[in-house]
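# Examination of the molecular architecture
In case you want the letters, here they are:
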Amino acid sequence: MVDLTRAPMTDGLGRRIDYLRISVTDRCDLRCRYCMAERMKFLPRNQVLTLEEIALLADLFIARGIRKIRLTGGEPLVRRDLPDLVRRIGRHLGKGLDELTLTTNGTRLAENADALHDAGVRRINVSLDSLLPERFAHITRGGDISKVLQGLEAAHEAGLAVKINMVALKDVNENEILPMLHWCNDRGFDLTLIETMPLGDIDADRMDHYLPLTQVTEHIRRHHALTPLPYRTGGPARYHTVGGMSVRLGLITPLTNNFCADCNRMRMTCEGRIFMCLGHEDHVDFRAALREGGLEAVQPLIDRALRLKPARHDFHIAAGAPAAAVRRHMSVTGG
Ligand code: SAM
Ligand code: SF4
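All of the points below concern the structure found in this document. Since we're looking at a predicted model, the values are computed, not measured. (Residues numbered from 1 in each chain as written. Chains lettered and ligands numbered in written order. Predicted model: local features only at pLDDT ≥ 70, side-chain atom pairs only at ≥ 80, totals over all residues. Heavy atoms only, no water.)

## Quick word on helix α2 (residues 82-90)
Just so we agree on the cut-off: Burial classes follow relative accessibility: with a 1.4 Å probe on protein chains only, a residue under 20% of its type's maximum area counts as buried, one over 50% as exposed, and anything between as partly exposed. Helical segments are the DSSP runs of H or I of at least four residues, strand segments are the runs of E of at least two, and each set is numbered from the N terminus. When checking whether two residues touch, look at their non-hydrogen atoms; a contact exists if any pair is within 4.5 Å.
Counting buried positions along α2 gives 7 out of 9 residues, so the element sits mostly inside the fold. Taken together, the buried positions of α2 are occupied by L82, P83, L85, V86, R88, I89 and G90. In the core, the buried residues of α2 are packed alongside α1 (51-63), β2 (68-72), β3 (99-104) and α3 (113-118).

Shown next, in the form of C-alpha coordinates:
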(Lines give C-alpha, C1' and ligand atoms only; values in the text may rest on other atoms or scores of the structure.)
(Ligands and ions follow the chains in the order given, each with its own letter.)
Protein backbone atom coordinates (compact mmCIF):
# COMPACT_ATOMS: atom_id res chain seq x y z
CA MET A 1 0.00 0.00 0.00
CA VAL A 2 1.26 3.47 -0.84
CA ASP A 3 1.36 5.62 2.31
CA LEU A 4 -0.58 8.78 1.46
CA THR A 5 -0.08 10.34 4.87
CA ARG A 6 3.58 11.23 4.27
CA ALA A 7 4.45 14.90 3.87
CA PRO A 8 5.02 16.32 0.37
CA MET A 9 8.60 16.03 -0.80
CA THR A 10 10.99 18.79 0.25
CA ASP A 11 14.77 18.58 -0.06
CA GLY A 12 17.37 19.54 2.55
CA LEU A 13 17.37 23.15 1.30
CA GLY A 14 13.62 23.53 1.57
CA ARG A 15 12.94 23.22 -2.15
CA ARG A 16 9.58 21.57 -2.86
CA ILE A 17 10.00 18.71 -5.33
CA ASP A 18 6.89 18.32 -7.46
CA TYR A 19 8.22 17.60 -10.96
CA LEU A 20 9.42 14.15 -12.05
CA ARG A 21 11.14 13.41 -15.34
CA ILE A 22 11.14 9.77 -16.34
CA SER A 23 13.52 8.41 -18.94
CA VAL A 24 11.53 5.45 -20.27
CA THR A 25 14.35 4.10 -22.45
CA ASP A 26 17.99 4.90 -23.18
CA ARG A 27 17.50 3.80 -26.82
CA CYS A 28 16.99 6.16 -29.70
CA ASP A 29 16.50 6.04 -33.46
CA LEU A 30 18.76 9.11 -33.90
CA ARG A 31 22.33 9.80 -32.76
CA CYS A 32 22.47 13.57 -32.23
CA ARG A 33 26.13 14.56 -32.13
CA TYR A 34 25.90 16.62 -28.93
CA CYS A 35 23.94 13.87 -27.14
CA MET A 36 25.41 10.49 -28.07
CA ALA A 37 28.48 8.79 -29.43
CA GLU A 38 28.01 7.20 -32.85
CA ARG A 39 28.32 3.70 -31.45
CA MET A 40 26.30 3.98 -28.27
CA LYS A 41 25.96 0.82 -26.22
CA PHE A 42 22.45 0.51 -24.88
CA LEU A 43 21.31 -1.27 -21.73
CA PRO A 44 20.21 -4.91 -21.84
CA ARG A 45 16.41 -4.99 -21.77
CA ASN A 46 16.15 -6.80 -18.42
CA GLN A 47 17.85 -3.83 -16.77
CA VAL A 48 15.18 -1.47 -18.08
CA LEU A 49 12.02 -0.99 -16.01
CA THR A 50 8.88 -2.61 -17.37
CA LEU A 51 5.79 -0.53 -18.10
CA GLU A 52 4.20 -1.91 -14.92
CA GLU A 53 7.22 -0.96 -12.79
CA ILE A 54 7.32 2.59 -14.19
CA ALA A 55 3.59 2.99 -13.63
CA LEU A 56 3.81 1.73 -10.03
CA LEU A 57 6.65 4.12 -9.23
CA ALA A 58 4.74 6.98 -10.87
CA ASP A 59 1.73 6.13 -8.63
CA LEU A 60 3.99 6.32 -5.60
CA PHE A 61 5.54 9.64 -6.57
CA ILE A 62 2.16 11.19 -7.33
CA ALA A 63 1.00 10.07 -3.89
CA ARG A 64 4.05 11.87 -2.45
CA GLY A 65 3.25 15.16 -4.17
CA ILE A 66 4.59 15.00 -7.74
CA ARG A 67 2.23 17.19 -9.80
CA LYS A 68 3.96 17.14 -13.14
CA ILE A 69 5.54 14.25 -15.04
CA ARG A 70 7.54 14.45 -18.24
CA LEU A 71 8.30 11.26 -20.16
CA THR A 72 11.56 11.41 -22.03
CA GLY A 73 14.56 9.28 -22.91
CA GLY A 74 16.36 8.29 -25.16
CA GLU A 75 13.45 8.50 -27.52
CA PRO A 76 10.27 7.66 -25.58
CA LEU A 77 8.30 6.79 -28.72
CA VAL A 78 10.68 3.96 -29.67
CA ARG A 79 9.09 2.06 -26.76
CA ARG A 80 6.12 0.30 -28.29
CA ASP A 81 4.21 0.20 -24.99
CA LEU A 82 4.57 3.98 -24.50
CA PRO A 83 0.91 4.79 -25.36
CA ASP A 84 -0.18 2.26 -22.70
CA LEU A 85 2.10 3.88 -20.15
CA VAL A 86 0.78 7.34 -21.01
CA ARG A 87 -2.79 6.07 -20.58
CA ARG A 88 -1.89 4.44 -17.28
CA ILE A 89 -0.22 7.55 -15.80
CA GLY A 90 -2.80 9.80 -17.47
CA ARG A 91 -5.49 8.36 -15.17
CA HIS A 92 -4.06 10.55 -12.39
CA LEU A 93 -4.66 13.77 -14.33
CA GLY A 94 -6.92 16.06 -12.32
CA LYS A 95 -6.55 13.69 -9.35
CA GLY A 96 -3.17 14.73 -7.98
CA LEU A 97 -1.34 15.07 -11.27
CA ASP A 98 -1.64 18.45 -13.00
CA GLU A 99 0.27 17.69 -16.17
CA LEU A 100 1.71 14.80 -18.16
CA THR A 101 4.05 15.79 -20.98
CA LEU A 102 6.56 14.26 -23.35
CA THR A 103 9.85 15.26 -24.93
CA THR A 104 10.38 13.58 -28.29
CA ASN A 105 12.50 13.84 -31.41
CA GLY A 106 9.23 13.66 -33.37
CA THR A 107 10.18 10.86 -35.79
CA ARG A 108 7.29 8.68 -34.57
CA LEU A 109 4.88 11.41 -33.60
CA ALA A 110 2.68 11.09 -36.69
CA GLU A 111 1.42 7.67 -35.59
CA ASN A 112 1.21 8.55 -31.87
CA ALA A 113 -0.15 12.09 -31.64
CA ASP A 114 -3.83 11.14 -31.34
CA ALA A 115 -3.15 8.49 -28.68
CA LEU A 116 -1.15 11.00 -26.64
CA HIS A 117 -3.93 13.53 -26.77
CA ASP A 118 -6.58 10.90 -25.94
CA ALA A 119 -4.58 9.95 -22.83
CA GLY A 120 -4.59 13.54 -21.57
CA VAL A 121 -1.29 14.94 -22.90
CA ARG A 122 -1.82 18.56 -23.94
CA ARG A 123 1.71 19.89 -24.51
CA ILE A 124 4.81 18.27 -25.95
CA ASN A 125 8.40 19.32 -26.59
CA VAL A 126 9.83 18.35 -29.94
CA SER A 127 13.57 18.61 -30.54
CA LEU A 128 14.52 20.15 -33.85
CA ASP A 129 17.98 21.68 -34.25
CA SER A 130 17.78 22.58 -37.94
CA LEU A 131 15.17 23.11 -40.64
CA LEU A 132 17.62 22.23 -43.41
CA PRO A 133 17.28 18.55 -44.35
CA GLU A 134 21.00 18.00 -44.91
CA ARG A 135 22.05 19.78 -41.75
CA PHE A 136 19.38 17.92 -39.77
CA ALA A 137 20.74 14.64 -41.15
CA HIS A 138 24.27 15.71 -40.20
CA ILE A 139 23.42 16.71 -36.61
CA THR A 140 21.32 13.58 -35.99
CA ARG A 141 23.72 11.31 -37.94
CA GLY A 142 21.19 10.20 -40.54
CA GLY A 143 17.78 11.48 -39.41
CA ASP A 144 15.02 12.27 -41.91
CA ILE A 145 13.50 15.67 -41.19
CA SER A 146 10.36 14.93 -43.21
CA LYS A 147 9.22 12.46 -40.55
CA VAL A 148 9.58 15.12 -37.85
CA LEU A 149 7.67 17.65 -39.94
CA GLN A 150 4.88 15.12 -40.50
CA GLY A 151 4.87 14.43 -36.78
CA LEU A 152 4.55 18.13 -36.00
CA GLU A 153 1.62 18.44 -38.36
CA ALA A 154 -0.09 15.45 -36.74
CA ALA A 155 0.54 16.93 -33.28
CA HIS A 156 -1.02 20.20 -34.34
CA GLU A 157 -4.04 18.43 -35.80
CA ALA A 158 -4.43 16.35 -32.65
CA GLY A 159 -4.61 19.54 -30.59
CA LEU A 160 -1.23 19.24 -28.86
CA ALA A 161 0.57 22.50 -28.02
CA VAL A 162 4.15 22.27 -29.30
CA LYS A 163 7.36 23.75 -28.03
CA ILE A 164 10.42 23.25 -30.19
CA ASN A 165 13.69 22.51 -28.36
CA MET A 166 16.81 23.65 -30.22
CA VAL A 167 20.32 23.14 -28.87
CA ALA A 168 22.36 26.18 -29.91
CA LEU A 169 25.55 25.00 -31.59
CA LYS A 170 28.36 27.30 -32.68
CA ASP A 171 29.28 26.92 -36.37
CA VAL A 172 26.50 24.35 -36.79
CA ASN A 173 23.06 25.95 -36.46
CA GLU A 174 23.69 29.41 -35.03
CA ASN A 175 22.65 31.07 -38.28
CA GLU A 176 19.29 29.29 -38.08
CA ILE A 177 18.18 30.61 -34.72
CA LEU A 178 16.37 33.69 -36.07
CA PRO A 179 14.79 31.73 -38.96
CA MET A 180 13.67 29.09 -36.44
CA LEU A 181 12.07 31.79 -34.29
CA HIS A 182 10.08 33.03 -37.31
CA TRP A 183 9.19 29.48 -38.35
CA CYS A 184 7.85 28.67 -34.87
CA ASN A 185 5.97 31.97 -34.73
CA ASP A 186 4.26 31.24 -38.07
CA ARG A 187 3.08 27.84 -36.79
CA GLY A 188 1.99 28.82 -33.29
CA PHE A 189 4.83 26.90 -31.64
CA ASP A 190 7.03 28.18 -28.80
CA LEU A 191 10.81 27.86 -29.06
CA THR A 192 13.31 27.00 -26.34
CA LEU A 193 17.03 27.36 -26.92
CA ILE A 194 19.36 25.14 -24.89
CA GLU A 195 23.06 25.47 -24.08
CA THR A 196 24.95 22.25 -24.72
CA MET A 197 25.73 20.51 -21.43
CA PRO A 198 28.79 18.37 -20.66
CA LEU A 199 27.03 15.02 -20.22
CA GLY A 200 28.54 11.76 -21.45
CA ASP A 201 31.27 11.05 -23.96
CA ILE A 202 30.32 12.04 -27.53
CA ASP A 203 33.54 11.32 -29.51
CA ALA A 204 34.17 15.07 -29.82
CA ASP A 205 35.11 18.15 -27.85
CA ARG A 206 31.95 19.98 -26.78
CA MET A 207 33.89 23.20 -26.51
CA ASP A 208 34.11 23.26 -30.33
CA HIS A 209 30.38 23.91 -30.64
CA TYR A 210 29.47 25.45 -27.31
CA LEU A 211 27.49 28.63 -27.87
CA PRO A 212 26.61 30.74 -24.81
CA LEU A 213 23.01 31.93 -25.05
CA THR A 214 24.13 35.38 -23.86
CA GLN A 215 25.66 35.77 -27.35
CA VAL A 216 22.52 34.46 -29.03
CA THR A 217 20.18 36.84 -27.21
CA GLU A 218 22.48 39.74 -28.01
CA HIS A 219 22.07 38.86 -31.69
CA ILE A 220 18.28 38.43 -31.45
CA ARG A 221 17.96 41.78 -29.66
CA ARG A 222 19.41 43.52 -32.72
CA HIS A 223 16.20 42.49 -34.51
CA HIS A 224 13.56 42.10 -31.80
CA ALA A 225 13.02 43.38 -28.27
CA LEU A 226 13.12 40.57 -25.71
CA THR A 227 11.05 41.09 -22.58
CA PRO A 228 11.20 38.64 -19.66
CA LEU A 229 7.88 36.94 -18.92
CA PRO A 230 6.65 35.60 -15.59
CA TYR A 231 5.27 32.57 -17.55
CA ARG A 232 6.73 29.28 -16.26
CA THR A 233 6.06 25.67 -17.17
CA GLY A 234 7.67 24.16 -14.09
CA GLY A 235 10.92 23.45 -15.93
CA PRO A 236 14.24 25.29 -16.11
CA ALA A 237 13.42 27.53 -19.09
CA ARG A 238 13.06 31.28 -18.57
CA TYR A 239 10.65 32.83 -21.08
CA HIS A 240 10.63 36.07 -23.05
CA THR A 241 8.22 37.78 -25.37
CA VAL A 242 9.71 38.63 -28.75
CA GLY A 243 8.90 42.08 -30.15
CA GLY A 244 6.42 41.89 -33.07
CA MET A 245 5.78 38.16 -32.64
CA SER A 246 3.50 35.92 -30.61
CA VAL A 247 6.10 33.15 -30.11
CA ARG A 248 7.44 32.73 -26.57
CA LEU A 249 11.20 32.28 -26.45
CA GLY A 250 12.51 30.03 -23.67
CA LEU A 251 16.16 29.96 -22.64
CA ILE A 252 17.80 27.06 -20.81
CA THR A 253 21.13 28.38 -19.64
CA PRO A 254 22.80 25.97 -17.21
CA LEU A 255 26.23 27.35 -18.10
CA THR A 256 25.73 31.09 -18.34
CA ASN A 257 22.92 31.61 -15.83
CA ASN A 258 22.53 28.98 -13.16
CA PHE A 259 18.92 28.12 -12.30
CA CYS A 260 19.41 25.66 -9.43
CA ALA A 261 18.12 27.85 -6.58
CA ASP A 262 14.49 27.12 -7.40
CA CYS A 263 14.91 23.62 -8.87
CA ASN A 264 11.80 21.52 -8.25
CA ARG A 265 12.86 18.44 -10.21
CA MET A 266 13.90 14.85 -9.73
CA ARG A 267 14.70 12.32 -12.43
CA MET A 268 14.21 8.61 -12.80
CA THR A 269 16.32 6.72 -15.30
CA CYS A 270 15.00 3.81 -17.33
CA GLU A 271 16.84 1.52 -14.89
CA GLY A 272 14.93 2.94 -11.94
CA ARG A 273 17.72 5.06 -10.54
CA ILE A 274 16.69 8.31 -8.96
CA PHE A 275 18.96 11.27 -9.66
CA MET A 276 18.16 14.50 -7.88
CA CYS A 277 20.39 16.52 -10.23
CA LEU A 278 21.34 16.14 -13.89
CA GLY A 279 24.85 17.29 -13.01
CA HIS A 280 25.70 14.91 -10.15
CA GLU A 281 26.45 11.18 -10.00
CA ASP A 282 24.74 10.53 -6.63
CA HIS A 283 21.64 8.40 -6.98
CA VAL A 284 19.40 5.88 -5.27
CA ASP A 285 18.52 2.57 -6.95
CA PHE A 286 14.77 1.96 -6.80
CA ARG A 287 14.73 -1.00 -9.18
CA ALA A 288 16.47 -3.44 -6.87
CA ALA A 289 14.25 -2.42 -3.94
CA LEU A 290 11.11 -2.65 -6.06
CA ARG A 291 11.99 -6.06 -7.51
CA GLU A 292 12.97 -7.48 -4.13
CA GLY A 293 10.53 -5.87 -1.71
CA GLY A 294 7.79 -4.13 -3.71
CA LEU A 295 6.61 -0.55 -3.22
CA GLU A 296 6.93 -0.73 0.55
CA ALA A 297 10.66 -1.27 0.20
CA VAL A 298 10.86 1.75 -2.09
CA GLN A 299 9.08 4.28 0.14
CA PRO A 300 11.94 4.87 2.61
CA LEU A 301 14.31 5.40 -0.32
CA ILE A 302 12.43 8.53 -1.37
CA ASP A 303 13.60 10.34 1.74
CA ARG A 304 17.16 9.15 1.14
CA ALA A 305 16.97 10.54 -2.41
CA LEU A 306 15.66 13.90 -1.18
CA ARG A 307 18.66 14.27 1.09
CA LEU A 308 20.96 13.81 -1.92
CA LYS A 309 19.75 16.88 -3.79
CA PRO A 310 22.74 19.20 -4.11
CA ALA A 311 22.58 22.99 -3.95
CA ARG A 312 23.61 23.27 -7.60
CA HIS A 313 25.11 21.45 -10.56
CA ASP A 314 28.84 21.61 -11.24
CA PHE A 315 28.76 22.09 -15.00
CA HIS A 316 31.31 24.27 -16.64
CA ILE A 317 32.64 24.21 -20.16
CA ALA A 318 36.12 25.56 -20.60
CA ALA A 319 39.12 24.92 -22.78
CA GLY A 320 41.10 22.09 -21.25
CA ALA A 321 38.22 21.00 -18.98
CA PRO A 322 37.15 17.35 -19.25
CA ALA A 323 34.68 16.86 -22.12
CA ALA A 324 32.06 15.35 -19.82
CA ALA A 325 31.42 16.72 -16.32
CA VAL A 326 29.16 13.73 -15.78
CA ARG A 327 29.76 10.36 -17.46
CA ARG A 328 26.05 9.61 -17.97
CA HIS A 329 24.57 10.73 -21.26
CA MET A 330 21.50 12.96 -21.23
CA SER A 331 19.63 10.06 -22.88
CA VAL A 332 20.17 7.90 -19.79
CA THR A 333 19.09 10.43 -17.19
CA GLY A 334 16.42 11.94 -19.42
CA GLY A 335 16.59 15.45 -20.87
N1 SAM B 1 14.90 11.98 -27.75
C2 SAM B 1 14.08 13.01 -27.23
C3 SAM B 1 14.44 14.36 -27.85
O4 SAM B 1 15.48 14.45 -28.48
O5 SAM B 1 13.66 15.28 -27.67
C6 SAM B 1 14.09 13.13 -25.73
C7 SAM B 1 15.40 12.95 -25.02
S8 SAM B 1 16.63 14.19 -25.33
C9 SAM B 1 17.94 13.61 -24.32
C10 SAM B 1 15.93 15.58 -24.49
C11 SAM B 1 16.50 16.93 -24.82
O12 SAM B 1 17.84 16.96 -24.38
C13 SAM B 1 16.52 17.24 -26.30
O14 SAM B 1 15.90 18.48 -26.52
C15 SAM B 1 17.99 17.31 -26.64
O16 SAM B 1 18.23 18.26 -27.64
C17 SAM B 1 18.61 17.69 -25.32
N18 SAM B 1 20.00 17.29 -25.14
C19 SAM B 1 20.57 16.07 -25.32
N20 SAM B 1 21.89 16.10 -24.98
C21 SAM B 1 22.15 17.34 -24.57
C22 SAM B 1 23.32 18.01 -24.09
N23 SAM B 1 24.47 17.36 -23.94
N24 SAM B 1 23.22 19.32 -23.76
C25 SAM B 1 22.05 19.99 -23.88
N26 SAM B 1 20.91 19.42 -24.32
C27 SAM B 1 20.96 18.12 -24.68
FE1 SF4 C 1 18.12 10.73 -29.42
FE2 SF4 C 1 17.06 12.85 -28.26
FE3 SF4 C 1 19.65 12.22 -27.82
FE4 SF4 C 1 18.91 13.10 -30.22
S5 SF4 C 1 18.81 14.25 -28.30
S6 SF4 C 1 20.21 11.30 -29.81
S7 SF4 C 1 16.89 12.30 -30.43
S8 SF4 C 1 17.90 11.04 -27.21
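Picking up after the structure, the text goes on.
## What about the site of ligand 2?
Formally: It suffices for a single heavy atom of a residue to lie within 4 Å of a molecule or strand for the residue to be listed as near it. As a working rule, the residues Ala, Val, Leu, Ile, Met, Phe, Trp, Tyr, Cys and Pro are called nonpolar, Asp, Glu, Lys and Arg charged, and the rest polar, with Gly in that last group.
Surrounding ligand 2, one finds C28, L30, R31, C32, C35, M36, G74 and N105. A breakdown of the residues in the shell around ligand 2 according to their chemical character gives 5 nonpolar, 2 polar and 1 charged.

## Things to note about the packing of α1 against α2
Between two packed helices, both the angle of their axes relative to each other and the distance between the axes serve to describe the pair. For the record, the criterion: Between N-to-C directions, angles span 0 to 180 degrees; the directions come from axes that are lines fitted to C-alpha atoms, helices contributing only their stretch in contact. Roughly parallel means an angle under 35 degrees; roughly antiparallel, over 145; roughly perpendicular, 65 to 115; everything else is oblique. Note on convention: near helix rotated counterclockwise from far helix by under a right angle means a left-handed crossing. Clockwise means right-handed.
One can describe the packing of α1 onto α2 by two numbers: an axis separation of 10 Å at closest approach and a directional angle of 25°. For the element pair α1 / α2, the angle class is roughly parallel. In this structure, α1 crosses over α2, and the sense of that crossing is right-handed. Contact residues: L51, E52, I54, A55, L56, A58, D59 and I62 in α1; D84, L85, R88 and I89 in α2. Here the contact of α1 with α2 is composed, by residue class, of 8 nonpolar, no polar and 4 charged.

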